[in-house]
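What follows is the residue order along each chain.
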Amino acid sequence: MVKARKYVVRKHFEGFPKRDDFHIVEYELPPLQSSEILIKTEWISVDPYQRAYNRKFPTPFDQFGFIVGTVEDSRKPRFQIGDKVVAHCSWCNYCIINPNEVNSKLDIVYKLPDLRGLSPSLGISAISAVGATAYFGFLEICHPKAGETVVVTGAAGAVGSIVGQIAKIKGCKVIGFAGTDDKVAWLQNELGFDKAYNYKTCNVNEVLKIAAPNGVDCFFDNVGGEMSSMIINHMNDFGRVSVCGSISAYNADVSQLPKAPILQLDIVMKQLKIEGFLAHRWLDRWPEAFEELINWILEGKIKIKEHITEGFDNVFEAFIGMLTGKNTGKAIVKI
Ligand code: NAP
């Protein structure tokens, strides 16, 4: 019998999640049934959607999330003992999954792609839903052209840092906004952003007049709120906005969400395209993104940073750390 541990959400979050909103349940896993696989977790991903989707499910529920692990037992020929896999399951140290059961777009399990010597942790960071989000959400919605100006918010995070580097590969001028001076320095000095700013200490409107004197063509928005409206005010005719997320509001009181200036005049007069997306739209094409991202990483064109927290008992700390901006690059937990 395998003893497993998992995080269960027992109360819906109010404001920032609290340790007490979770409890860790220890239980014995049942014997494997036909088609099931037993996975031992090695890496756990903490992500903003785990905050944003919190109220979609009645409590108590297992805290969902992506993991990388190793198959320890299998009743499914496609998955052999010892295979490394990526799965969307729970924050757990062991789990049983039936790869045949696909009840929602979040029921995902696949073999870890061949990372050609890169760390398996990339299976929940750059070569994962995160990488696919950056790749398709930027390229398929913004259609960037060489010479265009691209703005990225949440620029030093998991998705944003990859988007900015893809934009550089495509020959764009890239401006990033992030929440600390160290992140700004990393974006400019190591990732090759043309300009980066600390949105907490700068006037977004004023710095864009200097950094983007000819206007903004593409905007990849991770943050939402007032900053997004300000950036959209600087868009050029036929600019494209990819709305990836709105983390500035995820921890807000749902009955009193922050207000932002209206955008309709800019959208109409500049004939903007503003499109939201979910990375799952391109799920069948994720391998395409993974292949290209692995190539770019190995060629040194994309640099990856992981913010690693150690220990199953510290998953909550990693989660709250990510929501409060402690991470540079992808926040993950090593089990
Ligand atoms: P991340 O950027 O690695 O981590 C979250 C970051 O958000 C923090 O590090 C923090 O950085 C920033 N942040 C927190 N509160 C903020 C606020 N009030 N204003 C501005 N920035 C704030 O996370 P990620 O996984 O890459 O996700 C980034 C965005 O993409 C999120 O909005 C997420 O929901 C979205 N997303 C969407 C999809 C999709 O399919 N559409 C898929 C994945 C992720 P600072 O220090 O810079 O504040």
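Residues numbered from 1 in each chain as written. Predicted model: local features only at pLDDT ≥ 70, side-chain atom pairs only at ≥ 80, totals over all residues. Heavy atoms only, no water.

Participant: Residue-level account of the sheet that holds strand 1 (residues 3–9), with values.
Facilitator: Ordered in space as 2-1-4, the three strands form an open sheet in which the pairing is antiparallel. For this open sheet the edge positions go to strand 2 (22–28) and strand 4 (61–62), each flanked by a neighbour on one side alone. Here strand 1 pairs with strand 2 via seven bridges, running antiparallel. Bridged to Arg 5 within strand 2 is Glu 26. (Pairing = 2+ DSSP bridges. Helix = DSSP H or I, 4+ residues; strand = E, 2+ residues; numbered from the N terminus.)

Participant: Which residues make up helix 8 (residues 286–298), and what values do they have?
Facilitator: For helix 8, with 13 residues, the first-to-last C-alpha span of 18 Å sits near the 18 Å given by 1.5 Å per residue. Turning to helix 8, its buried residues are Trp 286, Ala 289, Phe 290, Leu 293, Ile 294, Trp 296 and Ile 297. The buried residues of helix 8 all sit within an arc of 165 degrees when viewed along its axis, so they share a single face. Elements in contact with the buried residues of helix 8: strand 5 (64–74), strand 8 (109–111), helix 2 (129–142) and helix 3 (158–169). In the segment just after helix 8, Gly 300 is the residue with positive phi, at about 80 degrees. (Expected span 1.5 Å × (residues − 1). Buried < 20%, exposed > 50% of the residue type's maximum accessible area, 1.4 Å probe, protein only. Arc of directions from axis to C-beta. Contact = heavy atoms within 4.5 Å.)

Participant: Summarise empty space enclosed by the protein; cite the residues concerned and give the values.
Facilitator: Applying the stated criterion to the full structure yields one cavity of 30 Å³ or more. By volume, the largest cavity amounts to about 70 Å³. Lining of the largest cavity is provided by 13 residues; of these, Ala 158, Ser 161, Ile 162, Ile 304 and Lys 305 occupy positions nearest its centre. Among the elements that line the lining of the largest cavity, the one with the most residues is helix 3, at four residues. Grouping the amino acids of the lining of the largest cavity by side-chain chemistry returns six nonpolar, four polar and three charged. (1 Å grid on protein atoms, 1.4 Å probe; cavity = no way out; pocket = protein on both sides within 12 Å on 5 of 7 lines; lining within 4 Å. Points joined across faces, edges and corners; volume = space filled by probe spheres on them. Nonpolar A, V, L, I, M, F, W, Y, C, P; charged D, E, K, R; others polar.)

Participant: Tell me about the site of the ligand, and please be specific about residues and values.
Facilitator: In the vicinity of the ligand, 25 residues are found, and the nearest of them are Val 159, Lys 183, Tyr 199, Tyr 250 and Asn 327. Contacts to the ligand include Ala 158, whose backbone N or O atom sits 2.8 Å from an oxygen atom. Measuring from an oxygen atom of the ligand, one finds a backbone N or O atom of Gly 179 at 2.8 Å. For the ligand, whose unbound accessible area comes to 910 Å², protein coverage reaches 88%. Here the ligand occupies the largest pocket. Mapped onto the shell around the ligand, the elements with two or more residues apiece are helix 3 and helix 9 (315–323). Partitioned by chemical class, the residues of the shell around the ligand number 14 nonpolar, ten polar and one charged. Taken together, domain 1 (2–125 + 305–334) and domain 2 (129–277) each give at least three residues to the shell around the ligand, which thus spans both. (Near = heavy atom within 4 Å. Polar contact = N/O pair within 3.5 Å; in protein donor to acceptor, adjacent residues only side chain to side chain. Areas by Shrake-Rupley, 256 points an atom, 1.4 Å probe, with all protein chains shown as cover. Sits in = over half its atoms within 2 Å of the grid points. Domains from an automatic or database assignment.)

Participant: So what's going on with the layout of surface pockets? Residues and values would help.
Facilitator: Considered as a void within the structure, the largest pocket measures approximately 1200 Å³ in volume. Among the residues making up the lining of the largest pocket, the classes are represented as 28 nonpolar, 16 polar and four charged. Three or more residues apiece are contributed to the lining of the largest pocket by two domains, here domain 1 (2–125 + 305–334) and domain 2 (129–277). Of the voids in this model, the second largest pocket is the one considered here, and its volume is about 610 Å³. If you trace the second largest pocket, you find 26 residues lining it, with His 88, Cys 89, Ile 97, Leu 106 and Asp 107 closest to the centre. Broken down by secondary-structure element, the contributors of at least two residues to the lining of the second largest pocket are strand 4, strand 6 (84–90) and strand 7 (94–97). For the lining of the second largest pocket, the element with the highest residue contribution is strand 7, accounting for four residues.

Such coordinate-based values are descriptive only and should not be taken to indicate function.
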